[in-house]
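What follows is each chain in one-letter form.
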Amino acid sequence: MAIIIDGKSIAEELRAEIRKEVNELKSKTGKLPGLAVILVGENPASQVYVRMKGKACEEVGIVSFQHTLHHDTSQDDLVSLIRTLNAAPEVNGILVQLPLPSHINENAVINAIDPLKDVDGFHPVNVGKMVIGDEDCFYPCTPLGCQELINRYVNDLKGKHLVMVGRSNIVGKPLANMMVQKNKRANCIVTICHTAAADIGYFTRQADILVVAAGKPNTIRGNMVKEGAVVIDVGVNRIENPTDSAKSKLVGDVNFDEVSKVAAAITPVPGGVGPLTITMLLANTLKAFKYHNKIVQ
Ligand code: NAP
């Protein structure tokens, strides 16, 4: 039976370290890190995420500035708010909650964020630096959380085969890029799978480390995993209960019951990768604060 990777307690441990550092920096500089979060429209899931981010900031002493804009806000007005926040000294990180309403071009908005305040790690400058292995950048939060978990559960990553299922710009591509870099937290042999693969099991069965971000329940069954693999399930899928909506439940992309019998370690859903994602946003905001205040990392 696999070890269940407890993302919640790892996240709590990391948040305690962040809180401690924020306090120390406050005594040293007289300032607190600030994160601006912009929400456009009334997407209920986005509202929940924005609330969770604000609460997490509060818990570690990061000041959160929430900007809630009407669904009809123009792209120009949104970009103009971002420019104001780029110039605001009390704001160290800027996050635009995605998805945006369809009349707004997401790339144009992300490009408007100062790369030194891009704590989501989506700006092309940060993406480019990540790809060339320049660590002086912001890494996207979910891949950073996955890398943290992998490092805690795999001893020597050098030469381990990591198979990534999914090639999105927010999870699959960045994580694959991060894990192929020649450094101690990576140095893996990386394979990326997507829907063009006729048989993803052919690839996943070769994985020492299997990361799944497909967005579909049961993408990975027990017979698709090598014995002793470490499995990171990024997927979050809501399974509705047709008779009682209060009884709907969240599942990942991996069939937990089957795969936990084969793997050495596995993340549950919920309580695996999810808590790490917001924690890494806090870590990135602290990193931005240190950049802006010229504090050596
Ligand atoms: P996405 O943009 O929909 O990308 C899904 C990727 O998986 C695509 O590259 C797709 O291939 C691939 N894929 C789908 N089904 C597949 C299959 N059967 N075999 C092989 N590849 C398959 O999704 P995403 O934004 O990366 O998110 C993935 C999941 O992670 C979602 O459930 C999302 O909610 C969750 N998520 C969780 C967190 C967290 O903090 N826990 C953060 C972000 C995302 P193609 O490119 O060929 O279409």
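That block above? That's the structure.
Quick summary incoming for the structure in this document. (Residues numbered from 1 in each chain as written. Predicted model: local features only at pLDDT ≥ 70, side-chain atom pairs only at ≥ 80, totals over all residues. Heavy atoms only, no water.)

1. A closer look at the overall build of the protein
Inclusion rule: Helix numbers and strand numbers start at the N terminus; a helix is a DSSP run of H or I with at least 4 residues, a strand a run of E with at least 2. Only C-alpha atoms enter the radius of gyration; for comparison, a globular chain is expected to reach 2.2 Å times N to the power 0.38, where N is the number of residues. Using a 1.4 Å probe, the Shrake-Rupley method yields the accessible areas, and only the shown protein chains count as cover for residues. When charges are counted, Lys and Arg contribute as positive and Asp and Glu as negative, whereas His and the chain ends are disregarded. The location of each charge is read from NZ of Lys, CZ of Arg, CG of Asp or CD of Glu.
Regarding its fold elements, the protein presents 10 helices and 11 strands. Taking 2.2 N^0.38 as the reference for a compact globule, 297 residues should give roughly 19 Å; the C-alpha atoms of the protein span a radius of gyration of 19 Å, in line with that estimate. Each principal axis of the C-alpha distribution contributes one length, and for the protein these read about 55 × 50 × 30 Å. A total accessible area of about 14,400 Å² is found for the protein, and carbon and sulfur atoms account for 53% of it. Computed over 32 positive and 31 negative side-chain charges, the separation of the two mean positions in the protein equals 4 Å.

2. Considering unusual backbone geometry
For the record, the criterion: The cut-offs for exposure are 20% and 50% of the maximum accessible area for each residue type, with area from a 1.4 Å probe on protein chains only; residues under the lower value are buried, those over the upper are exposed, and the others partly exposed.
With an omega dihedral of 0°, the bond running from Leu98 to Pro99 counts as a cis peptide bond. Topologically, Pro99 is positioned in the loop between β4 (93-96) and α4 (106-112). With an omega of 0°, the peptide bond between Val269 and Pro270 qualifies as cis. Counting through the fold element by element, Pro270 comes out in the loop between β11 (265-266) and α10 (274-292). Its identity as a non-glycine residue notwithstanding, Asn187 has a phi of 65°, on the positive side. Examined against the element boundaries, Asn187 turns out to sit in the loop between α7 (172-180) and β6 (189-193). Of the residues examined, Asn187 reaches a relative accessible area of 25% and is grouped as partly exposed. Unlike most non-glycine residues, Asn218 shows phi in positive territory, near 60°. As for its position among the elements, Asn218 is in the loop between β7 (209-212) and β8 (230-233).

3. Concerning the nonpolar core
Threshold: Grouping buried Ala, Val, Leu, Ile, Met, Phe, Trp, Tyr and Cys residues that are joined through side-chain atoms within 4.5 Å yields what is termed a nonpolar core. Residue ranges for the domains trace back to a domain assignment, done automatically or taken from a database. Contacts are assigned to residue pairs with any non-hydrogen atoms lying within 4.5 Å of each other.
Leu35, Ile150, Leu162, Ile209, Val211, Ile232 and Val234 are the most contacted members of the largest nonpolar core, which has 52 residues in total. Ranked by residues supplied to this core, first place goes to α10 with eight residues. Three or more residues apiece are contributed to this core by two domains, here domain 1 (30-114) and domain 2 (141-274). If sequence neighbours within four positions are ignored, Ile150 has contacts with Leu157, Leu162, Met179, Ile209, Val211 and Ile232.

4. Re the site of the ligand
Note the cut-off: Any residue with a heavy atom lying within 4 Å of a molecule or strand is counted as near it. By the criterion applied in these results, polar contacts are pairs of N or O atoms within 3.5 Å in which, for protein atoms, one can donate a hydrogen and the other can accept it, and in which residues neighboring in sequence qualify only through two side-chain atoms. Residues are grouped as follows: nonpolar covers Ala, Val, Leu, Ile, Met, Phe, Trp, Tyr, Cys and Pro; charged covers Asp, Glu, Lys and Arg; every other residue, Gly included, is treated as polar.
Taken together, 21 residues form the shell around the ligand, and within it Arg167, Ser168, Thr195, Val236 and Thr277 come nearest. Contact between the ligand and Val236: an oxygen atom at 3.0 Å from a main-chain N or O atom of the residue. Class assignment for the residues of the shell around the ligand results in eight nonpolar, 11 polar and two charged.

5. Looking at a nonpolar patch on the surface
Applied cut-off: What makes a patch is a set of residues exposed beyond 30% relative accessible area and free of salt bridges, joined within 9 Å when like-charged and within 5 Å when nonpolar (Val, Leu, Ile, Met, Phe, Trp, Tyr). Take a side-chain nitrogen of Lys or Arg and a carboxyl oxygen of Asp or Glu: if they are within 4 Å of each other, that pair is a salt bridge.
Taken together, the side chains of Val48, Tyr49 and Met52 present a nonpolar region at the surface, about 270 Å² in accessible area. Along the chain, the position of Val48 falls in helix α2 (residues 44-60). Residue Val48 is classed as partly exposed on the basis of its relative accessible area, which comes to 37%.

6. Topic: the sheet that holds strand β2 (residues 34-40)
Put simply, the test is: The rule for pairing is simple: two strands pair if DSSP sees at least two bridges between them. Where helices are involved, their axes are fitted lines through C-alpha atoms of the stretch in contact, as for all axes, and angles between N-to-C directions lie from 0 to 180°.
Here we have three strands laid out as an open sheet, ordered β3-β2-β4, and parallel in their pairing. This sheet does not close on itself; its edge strands, each paired only once, are β3 (63-69) and β4. Within this sheet the neighbouring strands show an average axis-to-axis angle of 15°, counted without direction. Across four bridges, β2 lies against β4 in parallel orientation. Across the sheet, the residue bridging to Ala36 is Ile94, located in β4. The strands touched by helix α3 (residues 75-87) within the sheet are β2, β3 and β4, with β2 carrying the most contacts at an inclination of about 175°.

7. Here we look at the sheet that holds β6
Spatial ordering of the open sheet is given by β1-β11-β8-β7-β5-β6, a layout of six strands whose pairing is parallel. Where the open sheet ends on each side, the last strands, each with one partner, are β1 (3-4) and β6. As defined by bridge partners, strand β5 (residues 161-165) adjoins β7 across four bridges and the pair is classed as parallel. Residue pairing in the sheet places Val163 in a bridge with Leu210 of β7. Where helix α6 (residues 141-153) meets the sheet, its contacts fall on β1, β5, β7, β8 and β11, and the angle it forms with β8 comes to roughly 160°. Strand contacts of α7: β5, β6 and β7, with the helix running at about 165° to β6, the strand carrying the most contacts.

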